[in-house]
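An overview of the molecular structure
What follows is each chain in one-letter form.
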Amino acid sequence: LGIDAVPVASVDAELRRRLFQLPGVTDAPSDRSLPGARGLMLAPDLDLARPEVIAGSQEFAHIHPDGSLHVWLPADRAIEADRLNWGDIHPWVDRDGFWDGVVLIFTPETTDELETVIQLVVDGYNYVVGTDLTADDIP
């Protein structure tokens, strides 16, 4: 997984293709990031197990133009992602009203890294929505 990486076109295309197949997720401009980031938006009629995690938005993750992502995860999973060097805990997690499990996931550069990143995003989806999907469920 790279930081300041140039996305590998085929890996980046597959990342986006698969993530936007999550049930009830649409591709829209991010309402939480810089221009060019694509938000993984949850359908407004989707029942959420933990709406407080995304604090008034429908966005539980977004993909930056460089292929890195911010994902809202359970705090323990975000700590694990940081510890295993898959990403970094967001520097704002100590701010009031900012979810403790927000993590920057580094750009995947190989198909193995892609699977790890997809599973992390699926973990965020599962946490917010209350489902139990795996990366294998998103072909």
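The present account deals with the structure reproduced in this document. (Residues numbered from 1 in each chain as written. Predicted model: local features only at pLDDT ≥ 70, side-chain atom pairs only at ≥ 80, totals over all residues. Heavy atoms only, no water.)

With respect to the sheet that holds strand β3 (residues 59-63)
To keep things clear, this is the line we draw: Strand pairing requires that DSSP identify at least two bridges connecting the strands. Strands are runs of DSSP state E lasting at least 2 residues, helices are runs of H or I lasting at least 4, and numbering of each runs from the N terminus. Here, axes are lines fitted to C-alpha atoms. For helices the fit covers the stretch in contact, and angles between N-to-C directions go from 0 to 180 degrees. Residue contacts are counted whenever heavy atoms from the two residues lie within 4.5 Å of one another.
With antiparallel pairing, the six strands of this open sheet are ordered in space as β1-β2-β3-β4-β6-β5. On the outer flanks of this sheet lie β1 (25-29) and β5 (87-89), each paired with one strand and no other. When strand polarity is set aside, the average angle formed by the axes of neighbouring strands in this sheet is 25°. Relative to the sheet, helix α1 (residues 9-19) contacts β1, β2 (38-42), β3 and β4 (69-72), its axis offset from that of β3 by approximately 160°.

Notes on the pattern of salt bridges
As a working rule, side chains carrying opposite charge can pair if their charged atoms are close by. Quick note on the threshold: Any Lys or Arg side-chain nitrogen found within 4 Å of a carboxyl oxygen on Asp or Glu counts as a salt bridge. Summary of the burial criterion: residues with accessible area below 20% of their type's maximum are buried, those above 50% are exposed, and those between are partly exposed, where the area comes from a 1.4 Å probe applied to protein chains only.
Counted by the stated rule, this structure contains seven salt bridges. Residue Glu115 is joined to Arg18 by a salt bridge in which the shortest nitrogen-to-oxygen separation is 2.5 Å. Pair noted here: Glu115 is in helix α3 (residues 111-129) and Arg18 is in helix α1, with a separation of 97 residues, a long-range link. By relative accessible area, Arg18 is classed as buried at 6%. Salt bridges here are not isolated pairs; linked through shared partners, they connect Arg77, Glu80 and Asp123.

Quick notes on helix α2 (residues 75-83)
For clarity, the threshold we go by: Think of the arc as the fan of directions from the helix axis to the C-beta atoms.
Along α2, the positions that sit buried rather than exposed are Arg77, Ala78 and Ala81. Take α2 and look down its axis: the buried residues cluster within an arc of 100°, on one side only. Exposed residues pointing more than 90 degrees away from the buried face of α2 are listed as Asp76, Ile79 and Arg83.

Notes on the side chain of His62
Under the convention used in this document: Whenever two N or O atoms come within 3.5 Å, that pair is a polar contact, provided that in protein one can donate a hydrogen and the other can accept it, and provided that, for residues adjacent in sequence, both atoms are side-chain atoms.
In this fold, His62 is placed in strand β3. The buried category is assigned to His62, whose relative accessible area is 1%. For His62, the side chain forms a polar contact with the side chain of Glu59, separated by 2.6 Å. Of note is the side chain of His62, whose polar atom sits 3.3 Å from the side chain of His64.

Some thoughts on the pairing of β3
Of all five residues in β3, five are buried; the element is thus mostly enclosed. Where β2 meets β3, four bridges bridge the pair, whose relative direction is antiparallel. Along β3, the bridge assignment pairs Met41 with Glu59. One ladder, built from three bridges, connects β3 with β4; its direction is antiparallel. Among the inter-strand pairings, Ile63 is bridged to a residue of β4, identified as Leu69. Between β3 and the antiparallel strand that follows it, β4, lie five residues; Gly67 among them carries a positive phi value of about 90°.

Without other data, these values stay purely geometric and don't point to any function.
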